[in-house]
Amino acid sequence: MTSSDRSSVGSSPRRSVGGFEGLKFDNRFTRQLPADPEISNERRQVTGACFSRVPPTPVAAPKLVAYSREVAESMGMDLADFSSPEFVRRFTKIFAGNEILKGMDPYAMCYGGHQFGNWAGQLGDGRAINLGETVNDRGERLALQLKGAGATPYSRSGDGLAVLRSSVREFLCSEAMFHLGVPTTRALSLVTTGEKVMRDMFYNGNAAYEAGAIVCRVAPSFTRFGNFQIFASRGDNKTLIQLLDYTIATDFPKIDALSKSKTEKYTLMFHEVCRTTSDLMVHWMRVGFVHGVMNTDNMSILGLTIDYGPYGWLEDFDPMWTPNTTDAQGRRYCFGNQPGIAQWNLLQLANAIYPVVGDAKPLQEGLEIAAETYKSSWQTMMAAKLGLQSFDESTDETLTDRLAEVLQLAETDMTIFYRKLANVPALQTTPPSADDCIAVLIDAYYLPEQLTPEVKTQIADWVRDYQKRISRDASDEDQRKRRMNEVNPKYVLRNYLAQLAIDKAETGEFSAVADLLEVLRNPYAEQPSRESFAEKRPQWARNRPGCSTLSCSS
Ligand code: AMP
Ligand code: MG
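Here the structure is a predicted model, which means the values were calculated and not measured. (Residues numbered from 1 in each chain as written. Chains lettered and ligands numbered in written order. Predicted model: local features only at pLDDT ≥ 70, side-chain atom pairs only at ≥ 80, totals over all residues. Heavy atoms only, no water.)

**Notes on the overall build of the chain**
The condition that has to hold: Secondary structure counts use DSSP, requiring at least four H or I residues in a row for a helix and at least two E residues in a row for a strand, with both numbered from the N terminus. The quantity called the radius of gyration is restricted to C-alpha atoms. Its globule counterpart is 2.2 Å times the number of residues to the power 0.38. Residue exposure (1.4 Å probe, protein chains only): buried if accessible area is under 20% of the type maximum, exposed if over 50%, otherwise partly exposed. Whether two residues touch is decided by their heavy atoms; if any such pair falls within 4.5 Å, the residues are in contact. Only the protein chains shown count as covering a residue, and every accessible area follows the Shrake-Rupley method with a 1.4 Å probe. The positive count covers Lys and Arg only, the negative count covers Asp and Glu only, and His and the chain ends enter neither. The location of each charge is read from NZ of Lys, CZ of Arg, CG of Asp or CD of Glu.
Along the backbone of the chain there are 18 helices and 11 strands. Relative to the compact-globule value of 24 Å for 554 residues, the chain shows a C-alpha radius of gyration of 24 Å, a close match. Based on the C-alpha atoms only, the size of the chain along its principal axes is roughly 75 × 60 × 55 Å. For the chain, the residues scored as buried account for 57% of the 554 residues in total. Restricting the contact set of the chain to residue pairs at least 6 apart, pairs at least 24 apart contribute 73%. Entry remark: accessible area of the chain is about 22100 Å², with carbon and sulfur atoms responsible for 52%. The averaged location of the 68 negative side-chain charges in the chain is 3 Å from the averaged location of its 61 positive side-chain charges.

**Some words on the confidence of the model for the chain**
Put simply, the rule reads: A residue's pLDDT is the confidence the predictor assigns to it, expressed on a 0 to 100 scale.
Across the chain, the average pLDDT comes to 95, with 97% of residues at or above 70. When mean pLDDT is taken per element in the chain, helix α6 (residues 225–233) scores highest with 99 and helix α1 (residues 3–6) scores lowest with 38. Considering only residues more than four positions removed or in separate chains, one finds that residues 1–16, a stretch of pLDDT under 50, has 27 contacts.

**Some points on the domain arrangement of the chain**
Note the following rule: Domain borders in the structure are assigned automatically or taken from a domain database.
By the assigned domains, the chain splits into domain 1 (3–225), domain 2 (253–384) and domain 3 (388–474). In this structure, domain 1 and domain 3 have C-alpha centres spaced 44 Å apart.

**Thoughts on the environment of tryptophan 119**
Relative to the helices and strands, tryptophan 119 resides in strand β5 (residues 118–122). Between the C-alpha atoms of tryptophan 119 and glutamine 348, which are 229 residues apart in sequence, the distance is 10.0 Å. Every residue in contact with tryptophan 119, bar those within four places of it in the chain, is listed here: Gly112, Gly113, His114, Gln229, Ile230 and Ser233.

**Regarding helix α12 (residues 393–406)**
Using the following cut-off: Multiplying 1.5 Å by the helix residue count minus one yields the expected span of that helix. Summarising the geometry, the arc corresponds to the directions from the helix axis toward the C-beta atoms.
Given a rise of 1.5 Å per residue, 14 residues ought to cover 20 Å, and the 19 Å separating the end C-alpha atoms of α12 matches this to within 8%. All buried positions along α12 are accounted for by Asp396, Leu399, Thr400, Leu403 and Val406. Each buried residue of α12 sits inside an arc of 115° when the element is viewed along its axis, so together they form one side. Facing away from the buried side of α12, by more than 90 degrees, are the exposed residues Ser394 and Glu405. In this structure, the buried side of α12 is in contact with α11 (360–385), α13 (414–421) and α15 (453–473).

**Notes on the environment of leucine 441**
Relative to the helices and strands, leucine 441 resides in helix α14 (residues 434–441). A residue is classified by how much of its surface remains accessible, and leucine 441, at 0% relative accessible area, is buried. In sequence terms leucine 441 and isoleucine 459 are 18 residues apart; their C-alpha atoms lie 9.9 Å from each other. Excluding anything up to four places from it in sequence, leucine 441 contacts Phe417, Lys420, Leu421, Ile459 and Val463.

**Some thoughts on the site of ligand 1**
To keep it simple, the criterion reads: Whether a residue is near a molecule or strand depends on its heavy atoms: if one lies within 4 Å, it is near. Any pair of N or O atoms that falls within 3.5 Å is considered a polar contact. Within protein, one atom must be able to donate a hydrogen and the other to accept it, and sequence-neighbouring residues count only if both atoms are side-chain atoms. Ten residues, namely Ala, Val, Leu, Ile, Met, Phe, Trp, Tyr, Cys and Pro, are considered nonpolar, four, namely Asp, Glu, Lys and Arg, are considered charged, and the remaining ones, Gly among them, are considered polar.
Around ligand 1, the structure places 17 residues, and the nearest of them are Gly124, Gly126, Arg156, Gly160 and Asn298. Side-chain polar atom of arginine 127 to a nitrogen atom of ligand 1: 3.2 Å apart, as the coordinates give it. Separating an oxygen atom of ligand 1 from a side-chain N or O atom of asparagine 298 is a distance of 3.0 Å. A total of 480 Å² of accessible area belongs to ligand 1 in isolation, and the protein chains cover 80% of it. Taken together, the residues that form the shell around ligand 1 break down as 3 nonpolar, 7 polar and 7 charged. Lining the shell around ligand 1 are residues from two domains, each supplying at least three of them: domain 1 (3–225) and domain 2 (253–384).

**Points about the packing of α6 against helix α7 (residues 237–251)**
For clarity, the threshold we go by: To obtain each axis, a line is fitted to C-alpha atoms, and for helices this fit is confined to the stretch in contact; angles are then taken between N-to-C directions over 0 to 180 degrees. Note on terminology: angles under 35 degrees are roughly parallel, angles over 145 are roughly antiparallel, angles of 65 to 115 are roughly perpendicular, and the others are oblique. Left-handed describes a crossing whose near helix is turned anticlockwise from the far helix by less than a right angle; the clockwise case is right-handed.
Their axes nearest at 8 Å, the elements α6 and α7 cross at an angle of 160°. One way to sum up the angle between α6 and α7 is to call them roughly antiparallel. In this structure, α6 crosses over α7, and the sense of that crossing is left-handed. Across from Asn227, Phe228, Phe231 and Ala232 in α6, the residues of α7 making contact are Thr239, Leu240, Leu243, Leu244 and Thr247. In the contact of α6 with α7, the residues fall into 6 nonpolar, 3 polar and no charged.

**Here's the deal with α14**
Restricting attention to buried positions, one finds in α14 the residues Cys437, Ile438 and Leu441. The buried residues of α14 occupy an angular sector of 90° when projected down its axis, which confines them to one face.

**Observations concerning the packing of α7 against helix α10 (residues 338–357)**
Put simply, α7 and α10 touch, their axes get as near as 10 Å, and they point 105° apart. The pairing of α7 with α10 is recorded here as roughly perpendicular in orientation. Taken together, the residues of α10 that come into contact with α7 (itself represented by Asn237, Leu240, Ile241 and Leu244) are Ala352, Ile353, Pro355 and Val356. Counted by class, the contact of α7 with α10 contains 7 nonpolar, 1 polar and no charged residues.

**Details of the packing of aromatic side chains**
Convention followed: For this analysis, a ring pair means two rings from Phe, Tyr or Trp (six-membered ring only for Trp) whose centres lie within 6.5 Å, classed as stacked if their planes differ by under 30 degrees, edge-to-face if by over 60, and tilted for the remaining angles. Comment: the charge-over-ring label is applied if NZ (Lys) or CZ (Arg) is within 6 Å of the ring centre and within 35 degrees of the ring normal.
With the rule as written, the count across this model stands at 24 aromatic pairs. Chaining the aromatic ring pairs together yields one cluster made of Phe20, Tyr67, Phe82, Phe87, Phe91 and Phe95. Sitting over the face of the ring of tyrosine 311, arginine 169 holds its NZ or CZ atom 4.1 Å from the ring centroid. Cation over ring: lysine 385 sits above tyrosine 418, and NZ or CZ is 4.1 Å from the ring centre.

**Side note on the pairing of strand β4 (residues 112–115)**
Consecutive side chains along a regular strand alternate between the two faces of the sheet. Using the following cut-off: In this analysis, strands are considered paired if DSSP registers two or more bridges between them.
Two elements, β4 and β5, share 3 bridges in a ladder whose sense is antiparallel. Across the sheet, the residue bridging to glutamine 115 is asparagine 118, located in β5. Following β4, the chain reverses through 2 residues before pairing antiparallel with β5; phenylalanine 116 in that reversal takes a positive phi of roughly 50°.

**A short note on the pattern of salt bridges**
Put simply, the test is: The rule for a salt bridge is simple: a side-chain nitrogen of Lys or Arg has to be within 4 Å of a carboxyl oxygen of Asp or Glu.
Counted under the stated rule, the structure contains 44 salt bridges. Here glutamate 526 and lysine 490 are joined by a salt bridge, their closest N and O atoms 2.8 Å apart. In this pair, glutamate 526 sits in the segment after α18 (511–520) while lysine 490 sits in the loop between α16 (477–487) and α17 (495–505), placing the two residues 36 residues apart along the sequence. Taking relative accessible area as the criterion, glutamate 526 reaches 44% and is therefore assigned partly exposed. The class for lysine 490 is buried, based on a relative accessible area of 12%. Linked through salt bridges whose partners overlap, the residues forming this network are Glu315, Asp316, Glu411, Asp413, Arg494, Arg537 and Arg542.

**Things to note about the side chain of glutamine 379**
Note on placement: glutamine 379 falls in helix α11. In contact with glutamine 379, not counting residues within four places along its chain, are Phe391, Glu393 and Glu397.

**Considering the environment of valine 492**
Looking at where valine 492 falls in the secondary structure, it is placed in the loop between α16 and α17. Measuring from C-alpha to C-alpha, the distance between valine 492 and leucine 520 comes to 6.7 Å, with 28 residues separating the pair along the chain. If sequence neighbours within four positions are ignored, valine 492 has contacts with Val287, Trp313, Thr415, Leu497 and Leu520.

Here it is as structure tokens:
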């Protein structure tokens, strides 16, 4: 088989040249933006620069745990190469940071951020090291970033490392989100380092050694709101303008092509960030994802889900739920707060660029765009989840408000509920009994004893109203079911599923990570042999750390 024959593997139209020779680097970020002149790897405040050059710290004995076929293909790699042990060895070496390819230019970015509502000053890539930016055959820019690759000038009191459990979580969730159609940074690879990392997992004084790991993240850009905030906070308009002009030229080429003034372009970029961020929130609400740490340094300028830490998936529908133990008191980043927090974060970005826009009005307009986008996208999304042709405000506001109440009457698995809802028929001549209404949805309920006659009546009332509504919609039953199943996933990265894969990976058995990735590659399809992955959280996982709540220790 020649390499051009092999390029037909998968759906990629690209021609692979095999090995790593096809990776073309075009490091615009380091070429066009001001660099930290200091090259020592001492922790420090870095001013007047967007990044510091720093190489990954080599690791003792890297081992490949898993990789994403789609990401490897999008980079122009040949999937057939992964059957060669020699290729895998080199791949592992490169994406563990032990080999720097010609054309790479490793660096850590400087950024700041608001953490839990308070300005935290300089943060930066404390354990992420960008290897460089590749451009694939479709002309797409893909920045490669190793998370957990060693200390940088931005490491503050951290060690620059990451442990296996949190790296498995980042790897799987990045790819799961992509397959769900949720904008996200991607994950090419997950390797263990062969080194131990000390962590106090519960923040309770019981530190222990855990396996170290590195994820190679891939995204068109890793720029965050905090990259702009840091310069504004220091009154450094010069670097702020350089970063804005660079970002518009690189990440917002359509805006760059308009014949507008620079200030108008800054505003248009902000408006676009308002739109994409709001759409991202709608996606998170659709699939039941809770980020857990929506600090402004964890907000992507491209509206991507970024920085998978103590995130979680909503199991029983509870808008107040947060997976992050650090947030258990205030619940600032709980499921239901996410859209409001996104608005707050956008306001901080507006504040950061205000000094160079010089006029609050267009920025205020951006925040209004964000609110309107959220409202209209949310309505479209809810109509789709319910299988309606469109959202009719006159009836569907009440219908969805009441649904949110109904989902909280008893512990209800959000994912299973919507999947089963697709089986509810349009209203027949005789309205169904309460028991009939519940029977279709019964799998979604965690505690049958909570289904008291009173609760059943309320659920059934809503179901009958829903049946009336879909009857009025007059769409074909099968078509409605198909449409609903295209937006209501069957398989999500349930917290306990990730934990089971982690438990196995920690014993050196990596196949569970690959198996779970396989399931999550088709989240909307029925996968009859994999029904167990769609089951609601088992009783043992209810309070087990990692399955219900997580600390930021990673
Ligand atoms: P996060 O809460 O993961 O978004 O991290 C906030 C900041 O802390 C970022 O600047 C990270 O790079 C940094 N950070 C987190 N963990 C570590 C670590 N183990 N070593 C160095 N820096 C870290
Ligand atoms: Mg972060």
